[in-house]
Amino acid sequence: MFKNAYFTKAELSCRCCGKLHFSDDTLRRLIRVRERFAKPMVITSGYRCQDHCASIGSTMTHTTEQAVDVSVSGGRAYELLRIAIEEGFTGIGVK
């Protein structure tokens, strides 16, 4: 992972073991989303190791170095979704 102005290693690392396997391509797209969104984005989960996914009953998409969870609400969520799709993110889930 390369240094950037928006996201830290701690935000994108596995919460259980601290490992970070996050693709540079995904990070570049995430930075473009953040720049276009022009508001802070709270990362609730980045990379997850297999043990972490298993312990929380999660799918394995976070182990692929290409998934990130972002917390946003209200009308801003629609704007963020639109931008993320335009930047090539797929498999977007909403809670």
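The structure reproduced in this document is the subject of the present report. (Residues numbered from 1 in each chain as written. Predicted model: local features only at pLDDT ≥ 70, side-chain atom pairs only at ≥ 80, totals over all residues. Heavy atoms only, no water.)

## Some remarks on the overall build of the protein chain
Here is step 1 of the chain: Each helix and strand counted, the protein chain has four helices and two strands in total.
Here is step 2 of the chain: Tracing the protein chain from N to C terminus, the helices and strands come up as α-α-β-α-β-α.
Here is step 3 of the chain: For 95 residues, the compact-globule formula gives about 12 Å, and the C-alpha radius of gyration of the protein chain, at 13 Å, lands near that figure.
Here is step 4 of the chain: For the protein chain, the proportion of its 95 residues judged to be buried stands at 34%.
Here is step 5 of the chain: Counted over contacts in the protein chain with a minimum sequence separation of 6, partners at least 24 positions apart contribute 61%.
Here is step 6 of the chain: With an accessible surface of roughly 5,900 Å², the protein chain has 51% of that area assigned to carbon and sulfur atoms. (Helix = DSSP H or I, 4+ residues; strand = E, 2+ residues; numbered from the N terminus. Rg over C-alpha atoms; globule rule 2.2 N^0.38 Å. Buried < 20%, exposed > 50% of the residue type's maximum accessible area, 1.4 Å probe, protein only. Contact = heavy atoms within 4.5 Å. Areas by Shrake-Rupley, 256 points an atom, 1.4 Å probe, with all protein chains shown as cover.)

## A closer look at the packing of aromatic side chains
Here is step 1 of the chain: For the coordinates displayed, the defined rule picks out one aromatic pair.
Here is step 2 of the chain: Considering the side-chain rings of Tyr6 and Phe7, the 6.3 Å spacing of their centres and the 55 degrees angle between planes classify their relative orientation as tilted.
Here is step 3 of the chain: The exposure class of Phe7 is buried, given its relative accessible area of 4%.
Here is step 4 of the chain: Note that Arg29 overlies the ring of Phe89, its terminal NZ or CZ placed 4.4 Å from the centroid.
Here is step 5 of the chain: Its guanidinium or amino end placed over the ring of Phe37, Lys39 lies 5.0 Å from that ring's centre, counting from NZ or CZ. (Phe/Tyr/Trp six-rings, centres within 6.5 Å; stacked < 30°, edge-to-face > 60°. Lys NZ or Arg CZ within 6 Å of the ring centre and 35° of its normal.)

## Regarding the packing of helix 2 (residues 24-37) against helix 4 (residues 75-86)
Here is step 1 of the chain: At a minimum axis distance of 9 Å, the contact between helix 2 and helix 4 shows a crossing angle of 140 degrees. One element, helix 2, and the other, helix 4, form an angle in the oblique class. As for how helix 2 packs across helix 4, the hand of that crossing is right-handed. Contact with helix 2, carried on its side by Val33, Arg36 and Phe37, involves Arg76, Glu79, Leu80, Arg82, Ile83, Ala84 and Glu86 of helix 4 and no other residues of that element.
Here is step 2 of the chain: Considered class by class, the residues forming the contact of helix 2 with helix 4 number five nonpolar, no polar and five charged. (Axes fitted to C-alpha atoms, helices over the stretch in contact; angles between N-to-C directions. Parallel < 35°, antiparallel > 145°, perpendicular 65-115°, else oblique. Left-handed = near helix turned anticlockwise from the far one by under 90°. Nonpolar A, V, L, I, M, F, W, Y, C, P; charged D, E, K, R; others polar.)

## Digging into the side chain of Thr26
Here is step 1 of the chain: You can see Thr26 is positioned in helix 2.
Here is step 2 of the chain: Judged by relative accessible area, which is 0%, Thr26 ranks as buried.
Here is step 3 of the chain: Thr26 has contacts with Glu65, Gln66 and Phe89, leaving out every residue within four places of it along the chain.

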